[in-house]
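Observations on chain architecture
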Amino acid sequence: MAGPRSEDEITVPPTLHYPFEAEPQTGDGSAIEVAPGVLWLRMPLFVSLPWINVWAIEEEGGWTIVDTGLKTAPTIEAWEAAFAGALRGAPILRVVVTHMHPDHCGMAGWIVERFKAHLWMSRLEYLSCRLMAADTGRKAPQDAIEFYRAAGWDDSAINRYQAKFGSFGEMIYPLPDSYRRIADGDTLRLGAHEWIVVVGSGHSPEHACLYCPGLKLLISGDQVLPRISSNVSVFPTEPEADPLSDWLNSLAMIKQRIPDDVLVLPAHNSPFIGVHARADELIESHQRGLERLENVLSEPRRAVGVFGALFARPITSNLLGMATGEAMAHLNYLCGAGRAVRESDDAGIWRWQSRTQGST
């Protein structure tokens, strides 16, 4: 899931190399082999983000699928085409999901049910997904309404939130009631090679990347994307969270554990080489955003009043939730670092100010 930052906000390091001239077509059943026994397919998404990359790893007697796309009729048609096309009618033996966002796990339950396969997922991602799906049909909780009011939302924004609340479950086919847990450092035998689970956080609770030393591949999910920045947000369920610290630490960890010459297979954009340069650029981009944010906090500001310091594009109503969550992540980071303070007025509205200007 990409955040509200535009591609133009993040300079792509010139050291990134994109080795594939051809790319798979979205939804037509075609694939490109990125390494022996590893296929690159694309599933349809939204107008603003038109497709997601998914991966198929050849096993004895079938395939492992990594990530699945959103639960929609076009995605079902695309998978049917893939089963008959690039996957040659062979069964799916297991589905590995990098994290809980619907564009990654939306069709996992459908594929697992269809092939009587097994779902492999980290514990926090599986449980978080089940918890989010359980909100279907519920009214928006009062805690969440108060959270967004405190961030500066007006009545029309709150009304839109209440109308859309619980839609997460509509974007995913129900996950199976049991799964196989994967955790950081686990080694999975997928096909002819071993793959190491490398867990990051910040974008989601326990995001599982898959690193294959033998093939020099990293399936990075949304943890490292070459041209866009993943959304890093604070949500009403944990208003004091500091996911940006988790995100920056995870990027630094990936630089330590993953060699720079691997081919990175991201969920969005195209496979690339240069993971260290990209991790550095993502870290530096957020640090620049934090500096701009600290400057505008010379006067007290609500969360909705700092968008200009963080985002180049206008924040429309459909981006308000992600923009608010990401602004809160940066604000909470500054508070945790002692660089800003937050105070609440009589109406319960939060305002942040830089530590040098704010109260102690």
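Preceding this section is the structure that the text describes.
Report on the accompanying structure. What you see is a predicted model, and the numbers here were worked out from it, not measured in a lab.

Of all 5 residues in strand 5 (residues 92-96), 4 are buried, a share of seventy percent or more. As paired elements, strand 4 (residues 62-66) and strand 5 share 4 bridges and run parallel to each other. From the neighbouring strand, Trp63 faces strand 5, where its bridge partner is Ile92. Relative to strand 6 (residues 118-121), strand 5 is paired through 3 bridges, and the arrangement is parallel. From the neighbouring strand, Arg94 faces strand 6, where its bridge partner is His118.

If you walk across this open sheet you meet the 7 strands as 1-2-3-4-5-6-7, and the pairing is mixed. Each end of this open sheet is capped by a strand with a single partner; those strands are strand 1 (32-35) and strand 7 (180-181). The pairing of strand 1 with strand 2 (residues 38-44) spans 3 bridges and is antiparallel. In the strand pairing of strand 2, Glu33 is matched with Leu39. The sheet contacts of helix 1 (residues 73-84) involve strand 2, strand 3 (51-59), strand 4 and strand 5, and relative to strand 2 the element is tilted by about 155 degrees.

Once that is clear, we can look at the sheet that holds strand 8 (residues 187-190). Strand order in the open sheet made by the 6 strands is 8-9-10-11-12-13, with mixed pairing throughout. Two strands bound the open sheet, and with one partner strand each, they are strand 8 and strand 13 (272-273). In terms of strand pairing, strand 9 (residues 193-200) meets strand 10 (residues 207-212) through 5 bridges, oriented antiparallel. By the bridge assignment for strand 10, Val199 is matched with Ala208. Strand contacts of helix 7 (residues 243-257): strand 9 and strand 10, with the helix running at about 155 degrees to strand 9, the strand carrying the most contacts.

A few words on the nonpolar core. Trp153, Ile258, Leu297 and Met328 are the most contacted members of the largest nonpolar core, which has 54 residues in total. Listed by contribution, the elements that provide at least two residues to this core are helix 5 (142-151), helix 6 (155-164), strand 10, helix 7, helix 8 (275-296), helix 9 (307-310), helix 10 (320-336) and strand 15 (350-354). Here this core gets 8 residues from one element, more than from any other, and that element is helix 10. Not counting the four nearest positions on each side in its chain, Trp153 is found in contact with Tyr148, Ile158, Tyr161, Val304, Leu320, Gly321 and Thr324. Judged by nonpolar contacts, the second largest core, of 37 residues, contains Val54, Cys105, Ile228 and Ala267.

Looking now at helix 8. Helix length check: helix 8, at 22 residues, gives a terminal C-alpha distance of 32 Å against a target of 32 Å (1.5 Å per residue), a fit within 8%. When helix 8 is considered as a whole, its buried residues turn out to be Val275, Arg278, Ala279, Glu281, Leu282, Ile283, Ser285, His286, Gly289, Leu290 and Leu293. On its buried side, helix 8 packs onto helix 7, strand 12 (263-266), strand 13, helix 9 and helix 10.

Once that is clear, we can look at helix 5. Looking at helix 5, one finds that the buried residues are Ala144, Ile145, Phe147, Tyr148, Ala150 and Ala151. The inward-facing, buried residues of helix 5 abut helix 6, helix 10 and strand 15. Looking one or two residues past helix 5, Gly152 carries a phi angle of roughly 115 degrees, positive in sign.

The rules we used
- Throughout, a residue's number is its position along its own chain's written sequence, starting from 1.
- Under the rules for a predicted model, residues below a pLDDT of 70 receive no local features and side-chain atom pairs below 80 are neither given nor counted, while totals for whole chains, interfaces and linings still include all residues.
- With hydrogens and water excluded, all non-hydrogen atoms of the structure serve as input to the side-chain values.
- Only protein chains enter the accessibility calculation, which uses a 1.4 Å probe; a residue is then buried when its area is under 20% of its type maximum, exposed when over 50%, and partly exposed in between.
- Only runs of H or I of at least four residues qualify as helices and only runs of E of at least two qualify as strands under DSSP, and these elements are numbered from the N terminus.
- Think of it this way: DSSP has to see at least two bridges between two strands before they count as a pair.
- We call two residues contacting when some pair of their heavy atoms lies within 4.5 Å.
- Angles run from 0 to 180 degrees between N-to-C directions of axes, and those axes are lines fitted to C-alpha atoms, restricted for helices to the stretch in contact.
- Nonpolar cores were defined as sets of buried Ala, Val, Leu, Ile, Met, Phe, Trp, Tyr and Cys residues, with membership established by side-chain atoms within 4.5 Å.
- One less than the residue count of a helix, multiplied by 1.5 Å, gives the span that helix is expected to have.

The quantities given are spatial measurements derived from coordinates; they are silent on function.
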